[in-house]
Amino acid sequence: SQQGEEDPQALSIQEGENATMNCSYKTSINNLQWYRQNSGRGLVHLILIRSNEREKHSGRLRVTLDTSKKSSSLLITASRAADTASYFCATDAGVGFQKLVFGTGTRLLVSP
Amino acid sequence: DGGITQSPKYLFRKEGQNVTLSCEQNLNHDAMYWYRQDPGQGLRLIYYSQIVNDFQKGDIAEGYSVSREKKESFPLTVTSAQKNPTAFYLCASKGGGADTQYFGPGTRLTVL
């Protein structure tokens, strides 16, 4: 079962613009992670935010977490064509939080 | 070169045949995971293993089997009981006390 949904399902922007993706989840978490997937490839970890954190930055990435609303957002600033990919949020789950449950993903297209 | 490898990259199978997908890691990670991804969708967990000689079913284990005889290896067998096996299969590992999963490049399985 998938933990939550991502919004929007697809996003198309121009280079230099900012891209914002949202993720909602259903149960209590220890942490939430964002991953990136280029077409036909494996996933690459981008950033992890713990349940006691509200905001985290990594380069051009900014992640926020609102545990009261069970939601997170990923902001990519000054986007580049190379940012074109699918982006997934994942929350830890299961006994001992050993599993990850992935959202449905946002497909981002950045045009030159 | 540390990492996680999957082979083959592409696999074609006739209906009624079992096939085994390889996943190897040299990251010294204890935990390993198998996911299935269908077009335009997120990842769904098939099986996972937290330690050698032990594994647990994920959300969609029916029609699949795994073994974990060595720390480095976690092969997935897609059996003829899996009704709709055509998909992209991703293997991941986790270890060192971190929550991040590291993904292989994936195997695309097509049933002819």
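Above: the structure in question.
1. Describing the overall build of chain A
- When helices and strands are tallied, chain A shows zero helices and eleven strands.
- Along chain A, helices and strands appear, N-terminal first, in the series β-β-β-β-β-β-β-β-β-β-β.
- Relative to its length of 112 residues, chain A is compact, with a C-alpha radius of gyration of 13 Å against a globular reference of 13 Å.
- Relative to its full complement of 112 residues, chain A shows a buried share of 46%.
- Excluding contacts between residues fewer than 6 apart, the proportion of contacts in chain A whose partners are at least 24 apart in sequence is 55%.
- Of the roughly 5,300 Å² of accessible surface on chain A, 47% is carried by carbon and sulfur atoms.
- Between the mean site of the 13 positive side-chain charges and the mean site of the 10 negative ones, chain A shows a separation of 5 Å.

2. A short note on the sheet that holds strand β3 (residues 19–24) of chain A
All names here are of chain A.
- Reading across the sheet, the five strands line up as β1-β3-β8-β7-β6 and stay open at both edges, with antiparallel pairing between neighbours. Looking along the sheet, the strands with just one partner apiece sit at the ends: β1 (5–7) and β6 (55–58). This sheet shows a mean twist of 15° between the axes of neighbouring strands, independent of strand direction.
- In terms of strand pairing, strand β7 (residues 61–66) meets strand β8 (residues 71–76) through six bridges, oriented antiparallel. When the sheet's bridge partners are listed, L61 is paired in β8 with I76.

3. Here's the deal with the interface of chain A and chain B
- Taken together, the contact between chain A and chain B spans 22 residues of the former and 21 residues of the latter.
- Buried area between chain A and chain B, both sides added, is near 1,700 Å², and the carbon and sulfur share of it is 48%.
- Here chain A and chain B share one salt bridge between them.
- Residue R50 of chain A pairs with D99 of chain B through a salt bridge whose shortest N-O separation is 3.0 Å.
- Elements with a minimum of two residues in the side of chain A that touches chain B: β4 (31–37), β5 (43–50) and β10 (99–102) of chain A.
- Residues of the side of chain A that touches chain B, tallied by class, amount to seven nonpolar, eleven polar and four charged.

4. Here we look at the pattern of salt bridges
- Counted by the stated rule, this structure contains seven salt bridges over all chains.
- A salt bridge links D83 of chain A to R36 of chain A; the shortest N-O distance between them is 4.0 Å. Taken together, the residues D83 of chain A in the loop between β8 and β9 (85–93) and R36 of chain A in strand β4 connect sequence positions 47 residues apart. No difference in accessibility class separates D83 of chain A from R36 of chain A, as the two residues are buried.
- When the shortest N-O distance is used, the salt bridge between K71 of chain B and D30 of chain B registers 3.4 Å.

The rules we used
- Residues numbered from 1 in each chain as written.
- Chains lettered and ligands numbered in written order.
- Predicted model: local features only at pLDDT ≥ 70, side-chain atom pairs only at ≥ 80, totals over all residues.
- Heavy atoms only, no water.
- Helix = DSSP H or I, 4+ residues; strand = E, 2+ residues; numbered from the N terminus.
- Rg over C-alpha atoms; globule rule 2.2 N^0.38 Å.
- Buried < 20%, exposed > 50% of the residue type's maximum accessible area, 1.4 Å probe, protein only.
- Contact = heavy atoms within 4.5 Å.
- Areas by Shrake-Rupley, 256 points an atom, 1.4 Å probe, with all protein chains shown as cover.
- Lys, Arg positive; Asp, Glu negative; His and termini not counted.
- Charge placed at Lys NZ, Arg CZ, Asp CG, Glu CD.
- Pairing = 2+ DSSP bridges.
- Axes fitted to C-alpha atoms, helices over the stretch in contact; angles between N-to-C directions.
- Buried area = accessible area lost by both parts, 1.4 Å probe.
- Salt bridge = Lys/Arg side-chain N within 4 Å of Asp/Glu carboxyl O.
- Nonpolar A, V, L, I, M, F, W, Y, C, P; charged D, E, K, R; others polar.

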